[in-house]
Amino acid sequence: MRSASLPFERDEMLRRMMTRDASSDGLFLTGVVTTGIYCLPSCPARKPNPENVVFYATETDAQEAGLRACKRCRPDDFNAGRDSDRDRLTAALNQIVRDPLSVLDPPTLAKQMGVGLSKLHRLTRHHHQSTPGELIHRGRIEAAQELLHTSLMGATEVALAVGYESVSAFYARFKHQTGSTPAAWREAHARVP
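Residues numbered from 1 in each chain as written. Predicted model: local features only at pLDDT ≥ 70, side-chain atom pairs only at ≥ 80, totals over all residues. Heavy atoms only, no water.

**Some details on the layout of surface pockets**
Applied cut-off: A 1.4 Å probe that fits but cannot get out identifies a cavity on a 1 Å grid over protein atoms alone, an open set with protein on both sides within 12 Å along at least five of seven lines counts as a pocket, and a residue lines either if it has an atom within 4 Å of a point. Grid points are joined across faces, edges and corners, and a volume is the space filled by probe spheres set on the points. Numbered from the N terminus, helices here are DSSP runs of H or I no shorter than four residues, and strands are runs of E no shorter than two. Throughout this entry, Asp, Glu, Lys and Arg are counted as charged residues, while Ala, Val, Leu, Ile, Met, Phe, Trp, Tyr, Cys and Pro are counted as nonpolar. The remaining residues, Gly among them, count as polar.
A volume near 610 Å³ is recorded for the largest pocket. Lining the largest pocket are 18 residues, with Arg 72, Cys 73, Asp 83, Asp 85 and Lys 119 positioned closest to its centre. Listing elements by their share of the lining of the largest pocket, those giving two or more residues are α3 (75-79), α4 (84-98) and α6 (117-128). Ranked by the residues each element gives to the lining of the largest pocket, the list is headed by α6, at five residues. In terms of residue class, the lining of the largest pocket is made up of five nonpolar, four polar and nine charged. Roughly 250 Å³ of internal volume is contained in the second largest pocket. Looking at the second largest pocket, it is lined by 16 residues, and the ones nearest its centre are Val 32, Thr 35, Arg 46, Lys 47 and Pro 48. Elements with a minimum of two residues in the lining of the second largest pocket: β1 (29-32) and β2 (37-39). Taken together, the residues of the lining of the second largest pocket sort by class into eight nonpolar, five polar and three charged.

Take a look at the structure:
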């Protein structure tokens, strides 16, 4: 029999949980009594045996039953409207702009975020429609723009300061991202005294 607060019969919720139906996220929570956690229906973790599953309408219900939020699908963040993966990616990209030499390659970025390379690729594809390497280059060029805007450094010094060993690669990447050369960009964005 369906609880008044749950949207579906148990069999339907089991089916949605087993198929990792993301459209059910926010409609109900899956509690796993053997592990003591509650999850979103779309949780990518291995699915429990049906006899170990209890469904809850709210986080409060699951917590009152003594369960804690899953660290993989993070239902507490989902229900609060937070995306901790996106937030960590944004913080890492801001770090690249502030200190471009701190992250020169995707493995370093993944390590700083506390995720694996595969997850990093999924996150950058999902949130930025890009690759980790492309995002690192974007951040380095943004850092170069800031240096061109606020310092008297020449383009070669800027290239080295943001982590490019090849000035020609820096020029090519800068032009690709901004549509102009470093000198033209500096002239167009010079502070007027």
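So that's the structure; there's more coming.
**Side note on the packing of helix α5 (residues 106-113) against α6**
The test is simple: Axis definition: a line fitted to C-alpha atoms, over the contacting stretch in the case of helices. Angles run 0 to 180 degrees between N-to-C directions. Orientation labels follow simple angle bins: below 35 degrees gives roughly parallel, above 145 gives roughly antiparallel, 65 to 115 gives roughly perpendicular, and whatever is left gives oblique. Any two residues whose heavy atoms approach within 4.5 Å at even a single point are treated as in contact.
One way to put it is that α5 packs onto α6 with a least axis distance of 9 Å and a crossing angle of 90°. In terms of their interaxial angle, α5 and α6 are classed as roughly perpendicular. Contact with α5, carried on its side by Pro 106, Pro 107, Leu 109, Ala 110 and Met 113, involves Leu 117, Leu 120 and Leu 123 of α6 and no other residues of that element. Considered class by class, the residues forming the contact of α5 with α6 number eight nonpolar, no polar and no charged.

**A short note on the environment of Ala 169**
Mapping Ala 169 onto the fold places it in helix α9 (residues 167-178). Here the alpha-carbon distance between Ala 169 and Ala 159, two residues 10 residues apart in the chain, equals 9.0 Å.

**Description of helix α7 (residues 132-150)**
The cut-off we apply is this: A helix is expected to span 1.5 Å for every residue after the first. In this scheme, a residue with accessible area under 20% of its type's maximum is buried, one over 50% is exposed, and one in between is partly exposed, where area comes from a 1.4 Å probe on protein chains only.
For α7, which comprises 19 residues, the first-to-last C-alpha distance of 27 Å matches the rise-based estimate of 27 Å (1.5 Å per residue) to within 8%. Buried within α7 we find Pro 132, Leu 135, Ile 136, Gly 139, Arg 140, Ile 141, Ala 143, Ala 144, Gln 145 and Leu 148. Packing partners of the buried residues in α7 comprise α4, α5, α6, α8 (155-161), α9 and α10 (182-188).

**Quick word on the sheet that holds strand β3 (residues 53-56)**
Our working definition: If DSSP finds at least two bridges between two strands, the strands pair.
Read from one edge of the open sheet, four strands run β3-β1-β2-β4, paired in mixed fashion. At either end of the open sheet lies a strand with only one pairing partner, and these are β3 and β4 (68-69). Across two bridges, the pairing between β2 and β4 is parallel. The residue of β4 that forms the bridge with Tyr 38 is Ala 69. Helix α1 (residues 10-18) rests against β1 and β3 of the sheet, and its axis sits at about 100° to β3.

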